[in-house]
Structures are given as C-alpha cells and as structure tokens.
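Summary of structural features
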Amino acid sequence: MIAMLSCLLGVFALSTGNSAKPRESAEERYICTAIPAGADPGCPMASSPAQEGDTLRSTVFQLRETVLQQKETIGNQKDTIRELTAKLGRCEGAGLEGRQGSWKKVQGKSGGKDTMGDLPRDPSQVIDQLSRTMQSLKDRLENLEHQLRSNISYSALPNDLREMLQRRLGDLEHQLSNKVAELEDEKSLLHNESTAHRHKTESTLTALLERVNELEKGSNTFKSPDDFKVSLPLRTNYLYGRIKKTLPELYAFTICMWLKSSASPGIGTPFSYAVSGQANEIVLIEWGNHPTELLINDKVAQLPFSIGDGKWHHIGITWTTRDGLWEAFLDGEKLGSGENLAPWHPIKPGGILILGQEQDTVGGRFDATQAFVGEMSQFNIWDRVLKSEEIVNIANCSYNMPGNIIPWVDNNVDVFGGATKLPLEPCEDRITES
C-alpha cells in the first residue's frame, strides 16, 4: 500500500512539473487522461484539465485516508501487544523460571526471532501477522494463568517438592503420635496418683481409728503378740485385713481360725488367697443363702457349717493335692470330708492373702455383698495335714500351736478402711460365753 502511494505521488509530481515548464514549441504537449473502467484504451476520450485534477485529488485523498487508518490500526495493535507483553513478563517473572525452557524452545522454532520481529510491508499481511501474534500471546497468558491456578495440585509438583511434603507429613504424624503417647502417660500417672492418694487416705484413717480404739481401751499393747482380734463391723468393699507374708508352693495345708459373726444372710468371706491367673486359689465363703463353701483352684466343696449365731467358733480345714482329699472341723469336731477337690493341683506361691473380702483380681475388686461381717482371730496355716487330735487340742485351748507357714502375730497383719485390731483372748471369751 505504501509503494502504491509513492508511485501515484511521483506521477502527480511529474505531471505538475511538466505543466510548469515553458513551452518550447506549440506542437509538443503531454496530457494524462484518466480512463474509466471498461473503456477502450485505443479510443481516447476527451476530458478537460479540471476533471483530470479532481480525479487525481480524490485518489490522493482516498490513499491518504487509507494510510492514516492503517497507521491507527498498527498503533492500536502495538499498544495491545505491549500491554500483553508486559503482563506476560510479570507472570513469567513471578516464579515460573522453570518454564523458561519451553519459552526458549518456542523462540528456537521461530528461527530465534522475536514474535514482534520484522513485519511484512503489505498492510493485509501486517494485520494477519499482528492478529496471529496477539492470539499467540493471549494463549500463552491464559496458559500461564491456568498453571498458576493449578500449581497447588499435588500431581503437578516436582519430585523433590513431593518428597519434602511427604517428609513434612511424616514429621507431623510422628509429633501427633508422641503427643498421644504423652497424654496416655499423663492419664496413667494421674490414675496411679489417685490410687496412691486413696491408699494413703485409707492408711491414715486406719491409723487414726487404731489410735482411738487403743485410747478407748486404755492400753496401746497386747498382752502377747497373738492376743488380738480383727474387727470388721460393716459390710463394705473397703474394710479388710491383709497378711503381709505370702504362701510358698503347697501340696497340702491346714487352716485354723476363730470366727464370730451374726451377719445375715451369710457371714461373707472370712479369707481369700489369689494368685496371678487365679483369683480363687483358696477361698472360704458363706454368701447369701448358700452353704459355706471351700474353693481351691475355683473347684468347690460344701462344708456342713452353721456359724452365724453371733458366738465364737473354731474352724479347721485340711487338704492335700493327693486325690484332692479334704476335711472340715467345727469346734474340734469333724463334720465333713471328701475327695477330688482340685486333685494333683499344687497351691501356687507368691499370691495375696486377704481377711474379710473375696478377691476378683489379685489384691482387689472386692464385692461388698461377699464381705465378712464380724470378728476373727488366731488365723494360722501349716504346710501339712494336722491330725484330728491336734485340731481338737487347738479348739479346746489345750495348747497354742502357731502355723509354721502363716502364724497369727500382730506385726504380720495390716488392717484397712476402718477395720481394727483389738485385744482378745478367744479361749477366755469362749468360756465366758458358755
């Protein structure tokens, strides 16, 4: 378009220049005449000089207007391109250095030239080129914006960044596990502290009650180490006595004790021995309306006893692992015997011996309905089966024979929860009652 305009302007200048020269001869004249479309060039048309000048001016004005429109269009396109290029530069400079390789590849494919490079001189080609350039820049800009929006996608992250996130998540999980473990430890510690506080309170209460009872009796000592009784006046799950010494492994035993109770129904549990894995290793119990029972390794034998009359009674029980033979004595009289009570089962060592409560676990989980209510004394255990004469002599107070495994002495018995140890000579009290 620019070349065409230059040509027309040259022709116009040439024609005006020739008309300005002085005429050298009347015969030489040069006339440019516009030929309408479709006219025969071989047939010249007569035209006036005024018409020829108007035609040339109209053509020049049209060409000038076209050039101005093209310049305005090119200026607008350049402004748009500069705006898009600046926006693209900001997006690419905002942390997308990793995408520069693809940008360089695009430049390499175009022969290393900028997309804003040399433009063709033909106006129609210029417009097409600018349109393609604008569309390319818009597409790249939309692609960059889309990448920015989707950059948080885990699958689009580089391998090193994914590994860093995985390590971070692993660290957070480890910290969470440690915190849970710390909370569990604190919970266990609080539970242990609560249990220790309860035991300390019970021990303090027991010591105070013992001191009050001693003051009430006017004496703080027994006449002899075995002249005392344990009093359990209430049916609760926190009054009890505990034998400090434990049992060795036994293949036979004899247990003797004095009892006094008027509780109803049933006197409860005078004693229980529990070991790990077996809470009913040895138990003597009269519970509810059931008869008195002897349990060994959770096997049961019923004893023909009637001892809930509120008087002192002497109880003697023997057992041997051989054939599970057992005998039961009340006040020196043999009232029952049997066999197959946990035969060939040795009594396990290292357990806990409780007076006045039945153990559901070793040393604990007492049930108030099974608690002993009354008084007891002279609880002794031997590691053999005593003869009937020996049991009769003990029951008749003919002589004192402490147990060789568990003797009844003051410093071997602790009381808890309000249970008390009081002075007593059971034989003298029995004679007084009779």
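Right above here is the structure, for reference.
I will try to describe carefully the structure that is included in this document. Being a predicted model, the structure only gives us computed values, none of them experimental. (Residues numbered from 1 in each chain as written. Predicted model: local features only at pLDDT ≥ 70, side-chain atom pairs only at ≥ 80, totals over all residues. Heavy atoms only, no water.)

Details of the overall build of the protein
In terms of regular secondary structure, the protein is built from 7 helices and 16 strands. By the burial criterion, 34% of the 434 residues in the protein qualify as buried. Counted over contacts in the protein with a minimum sequence separation of 6, partners at least 24 positions apart contribute 68%. Per element, the accessible surface of the protein, about 26700 Å² overall, is 54% carbon and sulfur. (Helix = DSSP H or I, 4+ residues; strand = E, 2+ residues; numbered from the N terminus. Buried < 20%, exposed > 50% of the residue type's maximum accessible area, 1.4 Å probe, protein only. Contact = heavy atoms within 4.5 Å. Areas by Shrake-Rupley, 256 points an atom, 1.4 Å probe, with all protein chains shown as cover.)

Digging into the nonpolar core
In a soluble, globular protein the nonpolar side chains are often hidden away together inside. If you look at the biggest cluster of nonpolar residues, it comprises 44 residues, and the most contacted ones within it are Phe 271 and Phe 379. Among the elements that line this core, the one with the most residues is strand β3 (residues 252-260), at 4 residues. Dropping the residues within four chain positions of it, Phe 271 is found in contact with Ile 255, Met 257, Ile 282, Val 283, Leu 284, Leu 353, Ile 354, Leu 355, Gly 356 and Phe 379. Counting residues in each nonpolar core, the second largest holds 7 residues, with Cys 256, Phe 329, Ile 394 and Met 401 among its members. (Core = buried A, V, L, I, M, F, W, Y, C linked by side-chain atoms within 4.5 Å.)

A closer look at the sheet that holds strand β15 (residues 413-416)
Reading across from one edge, β7-β6-β5-β4-β11-β2-β15 is the order of the 7 strands in this open sheet, with antiparallel pairing throughout. Each edge of the open sheet is held by one strand with a lone partner, namely β7 (299-303) and β15. Adjacent strand axes in the sheet meet at a mean angle of 20°, parallel and antiparallel pairs treated alike. One ladder, built from 4 bridges, connects strand β5 (residues 278-286) with strand β6 (residues 292-296); its direction is antiparallel. Looking across to β6, one finds that Leu 284 is bridged to Leu 294. (Pairing = 2+ DSSP bridges. Axes fitted to C-alpha atoms, helices over the stretch in contact; angles between N-to-C directions.)

Description of the pattern of salt bridges
A full pass over the atoms with the stated rule returns 5 salt bridges. Across the pair Asp 414 and Lys 244 runs a salt bridge whose closest N-O atoms are separated by 3.7 Å. Separated by 170 residues along the polypeptide, Asp 414 in strand β15 and Lys 244 in the loop between β2 (240-243) and β3 bring together distant segments of the chain. On the basis of relative accessibility, which here comes to 29%, the residue Asp 414 falls in the partly exposed class. Across the pair Glu 327 and Lys 334 runs a salt bridge, and its minimum N-O distance is 2.8 Å. You can call Lys 334 partly exposed: its relative accessible area is 39%. (Salt bridge = Lys/Arg side-chain N within 4 Å of Asp/Glu carboxyl O.)

Things to note about a negative patch on the surface
On the surface, Glu 182, Glu 184, Asp 185 and Glu 186 cluster together into a negatively charged patch. Looking at the element boundaries, Glu 182 is found in helix α5 (residues 159-217). By relative accessible area, which is 42% here, Glu 182 ends up partly exposed. (Patch = residues over 30% accessible without salt bridge, like charges linked within 9 Å, V, L, I, M, F, W, Y side chains within 5 Å. Lys, Arg positive; Asp, Glu negative; His and termini not counted. Charge placed at Lys NZ, Arg CZ, Asp CG, Glu CD.)

Observations regarding the pairing of strand β14 (residues 374-382)
Burial analysis of β14 places 9 of its 9 residues in the buried class, the great majority of the element. Across 3 bridges, strand β1 (residues 228-232) lies against β14 in antiparallel orientation. Of the residues in β14, the one forming a bridge with Leu 232 is Gly 374.

Considerations on the packing of aromatic side chains
Aromatic ring pairs are defined here through the distance separating the ring centres and the angle between the ring planes. Under the defined criterion, the tally for this structure stands at 5 aromatic pairs. On the basis of an interplanar angle of 20° and a centroid distance of 5.0 Å, the ring pair of Tyr 240 and Phe 416 is categorised as stacked. Of the two residues, Tyr 240 sits in strand β2 while Phe 416 sits in strand β15, which places them 176 residues apart along the sequence. With respect to class, Tyr 240 is no different from Phe 416; both count as buried. Between Lys 421 and the ring centre of Phe 228, over which it is positioned, the NZ or CZ distance is 5.8 Å. (Phe/Tyr/Trp six-rings, centres within 6.5 Å; stacked < 30°, edge-to-face > 60°. Lys NZ or Arg CZ within 6 Å of the ring centre and 35° of its normal.)

A word on the sheet that holds strand β10 (residues 333-338)
On the basis of which strands lie adjacent, the open sheet formed by 7 strands has the order β10-β9-β8-β3-β14-β1-β16 and antiparallel pairing. A single partner strand is all that each edge strand has here, and the edge strands are β10 and β16 (420-423). Averaged over all adjacent pairs, the angle separating strand axes in this sheet is 25°, with direction ignored. Relative to β16, β1 runs antiparallel, the two sharing 4 bridges. Among the inter-strand pairings, Phe 228 is bridged to a residue of β16, identified as Pro 423. Sitting on the sheet, helix α6 (residues 388-395) touches β3, β8 (312-320), β9 (325-330) and β14, and the angle it makes with β8 is about 160°.

A few points about α6
All buried positions along α6 are accounted for by Glu 390, Ile 391, Ile 394 and Ala 395. All buried residues of α6 project into a common sector of 135° when viewed along the axis, lining one side. (Arc of directions from axis to C-beta.)

Everything listed here is a matter of coordinates, which is why it stays silent on function.
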